[in-house]
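Here is what each chain is made of, one letter per residue.
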There are 2 protein chains.
Amino acid sequence: MNIGEIAKRAGVSRSTVSYVLSGKRTVSEELRRRILTVIEELDYRPNAAARALKEGRTRTLGLVIPPASQRLTDMQLGFVASVVEAAAGADLDVLLSPSGGDHERSFERVVTGRRVDGVILMEIRLEDDRVSRLRQSGLPFVTIGHPADAADVWWIDVDYATLITRCVHHLADLGHRHIAFVNRSAELVAAGYGPGHRALAGFTSAITERGLAGVDVCCPDDAAGGEDCLERLLADHPEVTGLVTINEAALPGVQRALERAGLRVPRDFSIAGVAGRHWAEDFRPPLTAADVPAMEMGDEAVRLLQERIANPATPPRHILHAPPISLRSSTGPRRH
Amino acid sequence: MNIGEIAKRAGVSRSTVSYVLSGKRTVSEELRRRILTVIEELDYRPNAAARALKEGRTRTLGLVIPPASQRLTDMQLGFVASVVEAAAGADLDVLLSPSGGDHERSFERVVTGRRVDGVILMEIRLEDDRVSRLRQSGLPFVTIGHPADAADVWWIDVDYATLITRCVHHLADLGHRHIAFVNRSAELVAAGYGPGHRALAGFTSAITERGLAGVDVCCPDDAAGGEDCLERLLADHPEVTGLVTINEAALPGVQRALERAGLRVPRDFSIAGVAGRHWAEDFRPPLTAADVPAMEMGDEAVRLLQERIANPATPPRHILHAPPISLRSSTGPRRH
DNA sequence: TTGTATGCGTTATCAC
DNA sequence: GTGATAACGCATACAA
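Labelled according to an unreviewed UniProt entry, chain A appears under the name LacI family DNA-binding transcriptional regulator, originating from Dactylosporangium vinaceum.

Here you go:
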């Protein structure tokens, strides 16, 4: 079914059909009716490839995600979901591309095959090859997270340094003097994962500012890893009475280790961090945390990307979120 | 950058370049070299839209997911991840389309705009409009889950009836006489969500077969809902000593309610169910459950779809998974 | 072994 | 207000 067939059945030319569809020139009411009826009857819809070829744009956004092998966190999932939702709201389709692992080809196809009008990139490293690649390709893109050298890229991020700093101050205000920072996995941090580094910087500076004793550890991104990690931490640093973290996936394990050590939260031990809202609320006890507005951020990513596609010359825009810390029930005064 | 530009710079015709790329006819080694060098230099890649238009296929699969508003379960996430991974492995791209909610347009675009060569559908209802729509459209599709009338559709599913039956037998063997079934949310079940109905059927028949007393309840798909639900259940049916469930998202709440009621798992109360492996393992105590092979199923969905695209006349194939129940630590003998 | 010509389905320019 | 026609970039049947 193509536009020519519609034209034939309606007894008009192809261009008239096209103009009825686009509304870019006036068509007599009679023909309009007739054409729309035929379109309806045959359930005709323009061929996307032909349209893309002619118009030079695909009405499709690329979304580059971490490979599946590495399980997506709740927060990442929130980004994906909200990007898809926002794109659908703007009548845009979303092409998913796993990066990393052995998926170079998928990424290359998206970037260089003109399959999309723009790209949204997640899980940004401080030095990120994909960002360089995209920069050089000229394809509009927006990142969720930002690389070290980010002046010329459009991005949206969470201000991990500030948030972790606030968490430390909160614990310090409650009287805690020995505080631990539970980071994401060692591999991720070693690979230059931005939030890991920025959160650590925030932790270190706050610890110094308040004259506290701080210890930081990397921790695998799952419950079992969290359990091991905290067990070791408690053994090596029994003086620690509270922790701050950006590793939501490790928390169930963290809590099990605390329980096993006979420590109650928040009576004997306080936990604060950065996490998705659902996560923080479903945790027991509910987690005192900065609630990352994942839904909003996906939305913004799509908006920014549309803006950039529409007007490539616009100077870069950055959005840095520092949501307030929601006081729940996982932090309390230090017990003597 | 197009194929003509490459041809000009290499001093050959466009078709020669095209044939070098496709390998569909022999090209002298000298020209081949020259052309490949130019391609390399300019980092040329064929325009996907032009190729799709010419070839009549897009090398893209559609993946229809539930809307983001309704949070994806761990299992659904596993499907998405594995589909994307498998598709990437076959050099196929994946176009994501949220369905339900107010995303009709997105679904219609995918189905009727020839944006994809085939579609993978998730979260199937017994009577599913999207399946009917796809059936009538002639576009090849595979479902994860299956509708009531599924003889002519290609699908992959988990045998919820059998698995829940096994769970009931397992509890019965341990001496439990009063068993509850915790279903997915009432809305989902009312909407004809397949697993909800089939699992319930399996539960009922097993209860009857063993001469037990069974009670079944619907339960919201989140921790808070699970907590409420179990609290009510324990109040109304204090004789119940074990439950089986397909609602993994409710389990943290279920457990909290049990704890609050002073019931220990598995000493005082047994839990068995169907869940993703990670989920079951991370649970405390680790969950005795049939581990849904989500990764494998996404893979199969892509393979089946490729098969169907390649050979539309092949009779439909169905794959029904009934993974064994992994004995972990959430079930034990009834206490007297 | 290579080149020329055609058409995929659209949109948009030009002519009427 | 409407119709004919030329691209868009590619793959391939047909010529040489």
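Structure's up, so let's keep going.
(A) Structural detail: the overall build of chain A. Assigned secondary structure in chain A consists of 14 helices and 12 strands. The C-alpha radius of gyration of chain A comes to 25 Å, more than 25% above the 20 Å expected for a compact globule of 336 residues. Looking at chain A as a whole, 55% of its 336 residues qualify as buried. Pairs at least 24 apart in sequence give 70% of the contacts found in chain A among residues at least 6 apart.

(B) Here's a closer look at the protein's contact with DNA strand D. Taken together, 27 residues are adjacent to DNA strand D, and Thr16(A), Thr26(A), Ser28(A), Ile3(B) and Tyr44(B) come closest. Backbone atoms, meaning sugar and phosphate, form 52% of the atoms of DNA strand D found within 4 Å of the protein. Contact between DNA strand D and Tyr44(B): a phosphate oxygen at 2.5 Å from a side-chain N or O atom of the residue. Take the surface near DNA strand D: its biggest share by element is 4 residues, from helix H2 (residues 14-22) of chain B.

(C) Local environment of the protein's contact with DNA strand C. By nearness alone, 26 residues border DNA strand C, and Ile3(A), Tyr19(A), Thr16(B), Ser28(B) and Lys54(B) come closest of all. Put simply, 52% of the atoms of DNA strand C that lie within 4 Å of the protein are in sugar or phosphate. Note that a phosphate oxygen of DNA strand C is positioned 3.1 Å from one of the backbone N or O atoms of Ser13(B). Side-chain polar atom of Ser15(B) to a base oxygen of DNA strand C: 3.2 Å apart, as the coordinates give it. When residues of the surface near DNA strand C are traced back to their parent elements, those giving at least two are helix H2 (14-22) and helix H4 (48-55) of chain A together with H2 and helix H4 (48-55) of chain B. Here the element with the most residues in the surface near DNA strand C is H2(A); it accounts for 4 residues. Its residues assigned to classes, the surface near DNA strand C shows 9 nonpolar, 9 polar and 8 charged.

(D) The interface of chain A and chain B, seen in detail. Listed per partner, the contact involves 51 residues of chain A and 51 residues of chain B. Both faces combined, the contact of chain A with chain B buries some 4,400 Å², and carbon together with sulfur accounts for 49% of it. Among the residues chain A hides against chain B, the three largest losses belong to Arg71(A), Asp93(A) and Arg114(A). Together they make up 13% of the total. The interface formed by chain A and chain B includes 12 salt bridges. For Arg133(A), the salt bridge identified is with Asp43(B), shortest N-O distance 2.9 Å. If you look at where chain A meets chain B, you find 22 residue pairs in polar contact (both at pLDDT 80 or more). Among the elements of the structure, H4, helix H5 (74-89), strand E2 (93-98), helix H6 (104-112), helix H11 (223-236) and helix H13 (277-282) of chain A are those that each provide at least two residues to the side of chain A that touches chain B. Examining the composition of the side of chain A that touches chain B, we find that 8 residues originate from one element, H5(A), more than from any other. When the residues that make up the side of chain A that touches chain B are grouped by side-chain class, the tally is 23 nonpolar, 10 polar and 18 charged.

(E) The arrangement of the pairing of strand E1 (residues 60-65) of chain A in detail. Residue and element names in this part refer to chain A. Most of E1 sits inside the fold, with 6 of its 6 residues counted as buried. Alternating residues of E1 divide into Thr 60, Gly 62 and Val 64 and Leu 61, Leu 63 and Ile 65, and every residue in both groups is buried. Here E1 pairs with E2 via 6 bridges, running parallel. By the bridge assignment, Leu 63 is partnered in E2 with Leu 96. Of the strand pairs in this sheet, E1 and strand E3 (residues 118-121) are connected by 4 bridges, and their pairing is parallel. Considered in E3, the bridge of Gly 62 is made with Val 119.

(F) Spotlight on the sheet that holds strand E6 (residues 178-182) of chain B. All names here are of chain B. Ordered by their spatial adjacency, 6 strands build an open sheet running E7-E6-E8-E9-E10-E12, and the pairing between neighbours is mixed. At either end of the open sheet lies a strand with only one pairing partner, and these are strand E7 (213-217) and strand E12 (325-326). As paired strands, strand E10 (residues 288-292) and E12 are joined by 2 bridges and run antiparallel to one another. By the bridge assignment for E12, Ala 290 is matched with Ile 325. Contacting E6, strand E8 (242-245), strand E9 (270-276), E10 and E12, helix H8 (residues 160-173) runs over the sheet at an angle of about 165 degrees to E8.

(G) Highlighting the UniProt feature "domain: HTH lacI-type" (unreviewed entry) in chain A. The positions that UniProt labels "domain: HTH lacI-type" (unreviewed entry) are, in the present scheme, residues 1-55 of chain A. In the segment residues 1-55 of chain A, helix accounts for 71% and strand for 0%; the C-alpha atoms at its two ends are 20 Å apart.

(H) Main features of the sheet that holds strand E11 (residues 318-321) of chain A. Read from one edge of the open sheet, 12 strands run E11(A)-E5(A)-E4(A)-E3(A)-E1(A)-E2(A)-E2(B)-E1(B)-E3(B)-E4(B)-E5(B)-E11(B), paired in mixed fashion. Of all strands in the sheet, those with a lone pairing partner are E11 of chain A together with strand E11 (318-321) of chain B, marking the two edges. Between one strand and the next, the sheet's axes are offset by a mean angle of 20 degrees, whatever the strand orientation. Here strand E5 (residues 154-158) of chain B pairs with E11(B) via 4 bridges, running parallel. Considered in E11(B), the bridge of Trp155(B) is made with His318(B). Contacts from helix H14 (residues 294-310) of chain B reach strand E1 (60-65), strand E3 (118-121), strand E4 (141-144), E5 and E11 of chain B, with the element oriented near 170 degrees to E5(B).

(I) Main features of the nonpolar core. Residues Val244(A) and Val244(B) are the most contacted members of the largest nonpolar core, which totals 98 residues. In this structure, Leu95(A), Phe107(A), Val110(A) and Leu121(A) belong to the second largest nonpolar core, which totals 32 residues.

(J) Seen up close, helix H5 (residues 74-89) of chain B. All names here are of chain B. Between its first and last C-alpha atoms H5 spans 22 Å; for 16 residues at 1.5 Å apiece the expected length is 22 Å, and the two agree. Burial analysis of H5 places 13 of its 16 residues in the buried class, the great majority of the element. Within two residues after H5, Asp 91 carries a phi angle of roughly 60 degrees, on the positive side.

(K) Highlighting the pattern of salt bridges. Going through the model one piece at a time under the given rule, you end up with 57 salt bridges over all chains. A salt bridge links Asp128(B) to Arg130(B); the shortest N-O distance between them is 2.9 Å. Across the pair, Arg130(B) and Asp128(B) agree in class, each one buried. Linked through salt bridges whose partners overlap, the residues forming this network are Asp91(A), Asp93(A), Arg105(B), Arg109(B) and Arg115(B).

(L) Region of the structure containing the relation of the copies chain A and chain B. For these two chains of identical sequence, chain A goes onto chain B by a turn of 180 degrees and a shift of 0.0 Å along the axis, with RMSD 0.1 Å. The symmetry that links the two subunits is that of a two-fold axis. The residues that chain A uses at the interface reappear at the interface of chain B in 100% of cases, marking a shared surface.

(M) Layout of the state of the cysteines. Residue and element names in this part refer to chain A. Summed over the entire model, instances satisfying the criterion amount to 0 disulfides over all chains. The closest cysteine sulfur to the non-disulfide-bonded Cys 167 is located on Cys 219, 16 Å from its own sulfur. We classify Cys 167 as buried; its relative accessible area is 0%.

Rules used throughout
Starting afresh in each chain, residues are numbered from 1 along the sequence in its written order. Chain letters and ligand numbers both follow the written order, the letters beginning at A and the numbers at 1. The predicted origin of the model limits local features to residues at a pLDDT of at least 70 and limits the giving and counting of side-chain atom pairs to 80 or more, whereas totals for whole chains, interfaces and linings rest on all residues. Only hydrogens and water are removed before side-chain values are computed, so all heavy atoms of the structure are retained for them. Numbered from the N terminus, helices here are DSSP runs of H or I no shorter than four residues, and strands are runs of E no shorter than two. Here the globule rule reads 2.2 Å times residues to the power 0.38, and the radius of gyration is calculated from C-alpha atoms. Partly exposed describes any residue whose relative accessible area lies between the buried limit of under 20% and the exposed limit of over 50%, with all areas from a 1.4 Å probe on protein chains only and scaled to the type maximum. We call two residues contacting when some pair of their heavy atoms lies within 4.5 Å. What makes a residue near a molecule or strand is one non-hydrogen atom of that residue sitting within 4 Å of it. Between N or O atoms, a polar contact is any pair within 3.5 Å; within protein, one atom must be a potential hydrogen donor and the other a potential acceptor, and residues adjacent in sequence are included only when both atoms are from side chains. Here the nonpolar group is Ala, Val, Leu, Ile, Met, Phe, Trp, Tyr, Cys and Pro; Asp, Glu, Lys and Arg are the charged ones; every other residue, Gly included, is treated as polar. Values labelled buried area give the accessible surface lost by two parts on being combined, using a 1.4 Å probe and summing over both. Salt bridge, as applied in this entry: a Lys or Arg side-chain nitrogen positioned within 4 Å of an Asp or Glu carboxyl oxygen. Two strands qualify as a pair provided DSSP detects at least 2 bridges between them. Axes, fitted as lines to C-alpha atoms, cover a helix only where it is in contact. Angles between the N-to-C directions of the axes lie from 0 to 180 degrees. UniProt positions are given in the numbering used here, feature names are shortened, and annotations may be inferred rather than shown by experiment. Here, nonpolar core means buried Ala, Val, Leu, Ile, Met, Phe, Trp, Tyr and Cys residues that are tied together by side-chain atoms lying within 4.5 Å of each other. Between the first and last residue of a helix there are one fewer steps than residues, each counted as 1.5 Å, and that sum is the expected span. C-alpha atoms of residues with pLDDT of at least 70 in both copies form the basis for the least-squares superposition of the copies. When the sulfur atoms of two cysteines come within 2.5 Å, that pair is taken as a disulfide.

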